[in-house]
Amino acid sequence: WPGRPSPLGAPWAGAGVNFAIFSEHATAVELCLFASPAATGERECLRLPAETDRNWHGCLPDARPGQLYCYRVHGPYTPATGHRFNPHKVLLDPYARAIGRDVHWGDELFGYQLGHPDADGSFDPRDSAAHCPLAVVVDGRIRGELLALVAPQDQDAPDRPDPDYVANLRVMLG
């Protein structure tokens, strides 16, 4: 299931999902699949099997819209040279077309230990999966239904998505 290096992100076009993400210095990338927005950890974690021109990729033939996911990226942890890879931290797909879970703030989100004498040069081995926002696979062929799928609801108007959120989502989707 090596998939293709492009497009970046995780579009569904009717037959499986191709996951692709760019990282110039990664040594491995894991795709983390979540069962629900309330999940505190991955249901499954799969190493992306291919790398082409620094794009890490893989295809899951049975994945469908609604699948929540993120990544764990392996590589050097050398803050002095700008590398802060920490596979204990899950990362939101920067190419995600929609967000399926908001961030839940906690110290586990930081790649370093807050209050440590080495400050942001320290390393935090705690898992951040329960706290990170998650991307959600969407059907790249249908844009109108997407708004109803992922738009958060206003407490005072539960049958209408927040207009600012919808406007931003429309800009993202083109």
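> Help me out: how do you make sense of the environment of Gly121 in this one?
By the secondary structure assignment, Gly121 is in the loop between strand 9 (99-101) and strand 10 (134-136). Taking C-alpha positions, Gly121 is 8.2 Å from Thr78, a pair spaced 43 residues apart along the chain. Not counting residues up to four positions away in its chain, the partners in contact with Gly121 are Tyr77 and Pro79.

> Please clarify how the environment of Arg141 should be interpreted in this entry.
Summarising the element assignment, Arg141 is placed in the loop between strand 10 and helix 1 (144-150). As for Arg141 and Pro11, which are separated by 130 residues in sequence, their C-alpha atoms are 8.9 Å apart. Once you skip the residues sitting within four places of it in the chain, Arg141 turns out to touch Trp12, Ala13 and Gly14.

> Explain the side chain of Asp93 here, please?
Of note, Asp93 is situated in the loop between strand 8 (83-84) and strand 9. Notably, Asp93 is buried but unbridged: the nearest opposite-charge side chain belongs to Arg97, and the N-O separation is 6.1 Å. Within polar-contact distance, the side chain of Asp93 engages the backbone nitrogen of Tyr95 at 2.8 Å. The contacts of Asp93, once residues within four sequence positions are left out, are Gly9, Ala10, Tyr69, Tyr71 and Ala135.

> Explanation requested: the confidence of the model for the chain in the structure shown.
Detailed reading of the predicted coordinates is not advisable wherever pLDDT is low. Averaged over all residues, the pLDDT of the chain is 85; the fraction at 70 or higher stands at 81%. Residue range residues 144-174 is modelled with pLDDT below 50. Its contacts to residues more than four positions away, or to other chains, number 33 contacts.

> Teacher, can you tell me more about the packing of aromatic side chains here?
Remark: the centre distance and the inter-plane angle together describe each pair of aromatic rings, the angle taken between the planes. For the structure shown, the criterion picks out four aromatic pairs. A ring pair is formed by Phe19 and Tyr69, whose centres lie 5.1 Å apart and whose planes are at 75°; its orientation type is edge-to-face. Of the two residues, Phe19 sits in strand 1 (residues 17-22) while Tyr69 sits in strand 6 (residues 68-74), which places them 50 residues apart along the sequence. Of the residues examined, Phe19 reaches a relative accessible area of 0% and is grouped as buried. Residue Tyr69 is classed as buried on the basis of its relative accessible area, which comes to 1%. Ring centres of Tyr69 and Tyr71 lie 5.9 Å apart, and the angle between their planes is 80°; on these two criteria the pair is classed as edge-to-face. One aromatic cluster in this structure is built from Phe19, Tyr69 and Tyr71.

Scoring rules and cut-offs
- Residues numbered from 1 in each chain as written.
- Predicted model: local features only at pLDDT ≥ 70, side-chain atom pairs only at ≥ 80, totals over all residues.
- Heavy atoms only, no water.
- Helix = DSSP H or I, 4+ residues; strand = E, 2+ residues; numbered from the N terminus.
- Contact = heavy atoms within 4.5 Å.
- Buried < 20%, exposed > 50% of the residue type's maximum accessible area, 1.4 Å probe, protein only.
- Lys, Arg positive; Asp, Glu negative; His and termini not counted.
- Salt bridge = Lys/Arg side-chain N within 4 Å of Asp/Glu carboxyl O.
- Polar contact = N/O pair within 3.5 Å; in protein donor to acceptor, adjacent residues only side chain to side chain.
- pLDDT = per-residue confidence, 0-100.
- Phe/Tyr/Trp six-rings, centres within 6.5 Å; stacked < 30°, edge-to-face > 60°.

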